[in-house]
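Each chain, letter by letter, is given below.
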Amino acid sequence: MARIEGIAGENEDQMKLKIRQGIAYVVLVILMFVSLLPFYLLLINATRGKVQPGIKFIPESLFFKNIGKIFSEDYRANYGNFLKSFCNSIFVSAVSTVLCVYFSALTAYAIHVYDFRLKKSVHTFILLVMMVPTQASAIGLYRMLVSMNLTNSFIPLTIPAIAAPATYFFMIQYMASALPLEIVEAARMDGCGEYKTFNIIVLPILKPALAVQAIFVFVSNWNNLFLPQMLLDDANKKTIPVVLQLIKANIDSNPMTADAGLMNMFMVLAILPVVVIYLLLSKNIVGGVSLGAVKG
Amino acid sequence: MRKTISYAKWGYIFLIPFVVIYTIFALIPLLETFGFSFLDYTVSQGAVSSIRGGGGDTIVNNGFCGLSNYIKVMKSDGIFNISFRSTVVLWLVGFIPQIVVSLLLASWFTDIRLKLKAQGFFKTVMYMPNVIMASALSVLFFSLFTKSGAIDDLLGGPDLLKNEWGARGVVGFINFLMWYGNTTILLMAAMMGIDTSLYEAAQIDGANPSQVFWQITMPLIKPILAYVLVTSMIGGLQMYDVPYLIGGTQGNPNGVLKTLVSQIQLGKNSSVGAVSALSIIVFIVSAILGFITLKIMDDQSIKTRYGKKKKK
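Predicted, not measured: the structure shown is a model, and the values here were computed from it.

Moving on, we come to the overall build of chain A. Scanning chain A from terminus to terminus reveals 14 helices and zero strands. For chain A, the α and β elements follow one another from N to C terminus as α-α-α-α-α-α-α-α-α-α-α-α-α-α. The C-alpha radius of gyration of chain A comes to 25 Å, more than 25% above the 19 Å expected for a compact globule of 296 residues. Projected onto its principal axes, the C-alpha positions of chain A cover 80 × 70 × 35 Å. In chain A, 74% of the contacts between residues at least 6 apart in sequence involve partners at least 24 apart.

A word on unusual backbone geometry. A cis geometry characterises the amide bond from Asn252 of chain B onward to Pro253 of chain B, with omega recorded as 0 degrees. Tracing the backbone shows Pro253 of chain B in the loop between α11 (241-247) and α12 (260-267).

Turning our attention to the interface of chain A and chain B. Each partner contributes to the interface: chain A provides 85 residues, whereas chain B provides 100 residues. If one sorts the elements of the side of chain A that touches chain B by residue count, helix α1 (residues 7-45) of chain A sits on top with twelve residues. Its residues assigned to classes, the side of chain A that touches chain B shows 58 nonpolar, 17 polar and ten charged.

Another point: the confidence of the model for chain B. Residues and elements named next belong to chain B. Per-residue pLDDT for chain B averages 85, and the proportion of residues at 70 or more is 90%. Here residues 47-54 is a poorly scored stretch, pLDDT under 50, and it has 14 contacts once near neighbours within four places are set aside; other chains count. Across the interface, the model reports ipTM at 0.88; the global pTM reads 0.88.

Looking now at helix α5 (residues 134-145) of chain B. Residue and element names in this part refer to chain B. Its twelve residues place the ends of α5 16 Å apart at the C-alpha level, agreeing with the 16 Å of an ideal helix rising 1.5 Å per residue. Burial analysis of α5 places twelve of its twelve residues in the buried class, the great majority of the element. Those residues of α5 that sit buried are Ala134, Ser135, Ala136, Leu137, Ser138, Val139, Leu140, Phe141, Phe142, Ser143, Leu144 and Phe145.

Here we take up the packing of helix α14 (residues 260-289) of chain A against α5 of chain B. Across the interface, α14 of chain A lies against α5 of chain B with an axial gap of 10 Å and an inter-helix angle of 155 degrees. With respect to α5 of chain B, the axis of α14 of chain A lies roughly antiparallel. With respect to the hand of their crossing, α14 of chain A and α5 of chain B are arranged in left-handed fashion. In this structure, α14 of chain A uses Ala260, Met263, Met267, Ala270 and Ile271 of chain A to contact α5 of chain B, whose residues at the interface are Ala136, Val139, Leu140 and Ser143 of chain B. Across the contact of α14 of chain A with α5 of chain B, the residue classes break down as eight nonpolar, one polar and no charged.

Rules of the game
Residues numbered from 1 in each chain as written. Chains lettered and ligands numbered in written order. Predicted model: local features only at pLDDT ≥ 70, side-chain atom pairs only at ≥ 80, totals over all residues. Helix = DSSP H or I, 4+ residues; strand = E, 2+ residues; numbered from the N terminus. Rg over C-alpha atoms; globule rule 2.2 N^0.38 Å. Contact = placed C-beta atoms within 7 Å. Nonpolar A, V, L, I, M, F, W, Y, C, P; charged D, E, K, R; others polar. pLDDT = per-residue confidence, 0-100. Expected span 1.5 Å × (residues − 1). Buried ≥ 20, exposed ≤ 12 C-beta atoms within 10 Å, placed from the backbone. Axes fitted to C-alpha atoms, helices over the stretch in contact; angles between N-to-C directions. Parallel < 35°, antiparallel > 145°, perpendicular 65-115°, else oblique. Left-handed = near helix turned anticlockwise from the far one by under 90°.

Okay, here's the thing in structure tokens:
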């Protein structure tokens, strides 16, 4: 294309391009360090002692001592059993994830495959409420659960996942591109029942979408603080973010007894499952980010 | 084709779980919140339970009080007014650098002449803070910036978290760190959708990179920019974890880290009526923003064909 230009112009162009490339790489490397540094410091700080003055880049030797602290009697007296909190988080996140992806797919299937009078209204309604934050109705939910004595229960943390507008939206978009109605009709011809068709024929087709959504739903539930903090005050029911919030609150109210080594070790363990998931599946996660949004 | 009609009932049957659960856990609570917002409704903590509800609480419900909750929270020193301002400032402090950096990165990544290598690696690294527990990230930054923390030591002890703009800056930086990768990926998707022949034509015409960016890229990604802006606003309205874990219950220093949602958490066992009014205002604002988002998506014909009655 640039044949018309002289050799000199092209050389100059090449120079400019090289410089721009150089700047781009420098900025990218800086941002890479900025993004990774917090995690590196967290790991280093988990090997350090109770008081941690200054910044350190080389690990110290207290890694196992800090792990020991998390399983100590002292910890248990203040924050409950760590393994119990960890299992609570796993349970809540896993159950929410399964309920969320399964029922969102079912809801999307109902709208995608069947023709009925309320189809349009239901679809529009779900899209309308998609952007409404759950926090807006939290106070009503909370008072309702208090009066039903359901605050220290996992029911309000898991069951509502069945109705997840954002996951529904993702699923129905995926179905539009990947689930031809002919497949459903063929199943009908073969005498397959409607519910069975969904479970045996449709779900396997949706597997890629289910997997991507499952990762996102699990991660967001694992990290969720607001509702669990609002509802759970029984030490045996607390999830990991709620306990972390307690550890932090203890430091605020009593800085003298703060143990930075323990706190950083707790955070390392708190983010570990998600880091592992991310390292294994980062391709699917990064690829899934732009799928639910507008196409340019 | 009459057969299709007999299947309609299955559509309704498969919708039952969603409708029932949404009604119980979202619609009814929302209506209740709406109801509370017109009540003179407070709870006083009993001596028995110091943290939360239960046996010792006294619920004081003096019945309907009209709009007085709304008037109270919207006053210049009302909880909505104050925390709305704090929330907007915190959101802006994070969003402005985020959108600038993301635009720059996305345009570099999609530049056909730059041909940057290791894009997958950079994207993976940049998105990582988004999946990490916001609470953990915040507590880590708190310990780095707090008095005699690592950064505080490094800077010679300004104790940034005691300074209003210092604390806002730290919260904004965490939000930036969590979201710039996400925004970059969204903007990239939009930029990759632009017809490359436009760029080639510009190149032939001798346009420089900044001209290409402002004259071609920007106008063509407007819809997704609007989408990013509005969804980020909705996310900003819900901001809670980061400012709460940096500034505590009181949103220190001077309450500048007290967000709308932290007021809801704070008032759940005390000023129920006032906090409900605040919730309803948050609901209305986010509903408007959500409606705008939907319009943007609609213009992009993304709302799919389910809006119309499908012909078979």
